[in-house]
Structure formats: C-alpha cells, structure tokens
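Observations on the three-dimensional arrangement
Okay, here's what each chain looks like letter by letter:
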Amino acid sequence: MTTKHKYLKVSRVFVNTVIYFQVPVDQVDAANSQFSTFEDENPGCHTAWVSGQGLGLGVAIDWADRAHVGY
C-alpha cells in the first residue's frame, strides 16, 4: 500500500491547541520548509510527523486549506 499523505502535528502549548495537517507526500518538503523555524519562533510549541492512526475523519486539515486556520 502506498501512502498518499503524511500527518503533521502542530501544537501550541500556551493555548492548549493541537492541529493536524494532512500533507500530500509531494508537499512534505514545503511543509518542512514552512515549519522549519516554528519551534524557535514559538517557545513551548512543537511540530512532529505522526502516523495519523486514530485521528478519525475530519480531524486533519488538508494542507491546501492551512490558511483557514492561520498557517
């Protein structure tokens, strides 16, 4: 089975928020680039690639729609 998406977990600890982005595999480099300095610019926050298992439908935001949540 070929994976079509990866899942990027973005946490904002100070507002107790976690957002998951569903990133097409051909956009992983763009996601890495966009969030390369996120942790340095936002102390206490972090990003991580996760498996996406257990997220359920509708939990992850499509990478193309990231502007709708401020990214």
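Residues numbered from 1 in each chain as written. Predicted model: local features only at pLDDT ≥ 70, side-chain atom pairs only at ≥ 80, totals over all residues. Heavy atoms only, no water.

**Describing the overall build of the protein chain**
Within the protein chain one finds two helices and four strands. Ordered by position from the N terminus, the helices and strands of the protein chain form the series β-β-α-α-β-β. By its C-alpha atoms, the protein chain is 35 × 25 × 20 Å across when sized along the principal axes. Buried residues in the protein chain amount to 28% of all 71 residues. Total accessible area on the protein chain stands at roughly 4800 Å², and carbon and sulfur atoms take up 50% of it. (Helix = DSSP H or I, 4+ residues; strand = E, 2+ residues; numbered from the N terminus. Buried < 20%, exposed > 50% of the residue type's maximum accessible area, 1.4 Å probe, protein only. Areas by Shrake-Rupley, 256 points an atom, 1.4 Å probe, with all protein chains shown as cover.)

**Looking at the packing of aromatic side chains**
Counted by the stated rule, this structure contains seven aromatic pairs. Taking 5.6 Å as the distance between ring centres and 85 degrees as the angle between the ring planes, the aromatic pair formed by F21 and Y71 counts as edge-to-face. Here F21 is found in strand β2 (residues 17–24), whereas its partner Y71 is found in the segment after β4 (61–62), with 50 residues between them in sequence. Note on F21: relative accessible area 0%, which makes it buried. In this structure Y71 comes out as buried when scored by relative accessible area, which is 18%. Ring geometry for F35 and Y71: centres 5.5 Å apart, planes at 40 degrees, overall tilted. Remark: Y71 occurs in the segment after β4 and F35 occurs in the loop between α1 (28–34) and α2 (38–41); sequence separation between them is 36 residues. Under the relative-accessibility criterion, F35 is labelled buried at 7%. (Phe/Tyr/Trp six-rings, centres within 6.5 Å; stacked < 30°, edge-to-face > 60°.)

**Some points on the nonpolar core**
The biggest cluster of nonpolar side chains holds twelve residues, and these are L8, V10, I19, F21, V23, V28, A31, F35, F38, C45, W63 and Y71. Of all the secondary-structure elements, those providing two or more residues to this core are β1 (5–12), β2 and α1. It is β2 that contributes the most residues to this core, three residues altogether. Once residues within four sequence positions are removed from consideration, F21 is found in contact with K6, Y7, L8, V10, F35, A60, I61, W63, R66, V69 and Y71. (Core = buried A, V, L, I, M, F, W, Y, C linked by side-chain atoms within 4.5 Å. Contact = heavy atoms within 4.5 Å.)

**Quick look at the environment of K4**
Residue position: K4 is located in the segment before β1. Each C-alpha atom, one on K4 and one on P24, is 5.8 Å from the other, the two residues being 20 residues apart in sequence. When near neighbours in sequence (up to four residues on either side) are disregarded, K4 contacts V23, P24 and V25.

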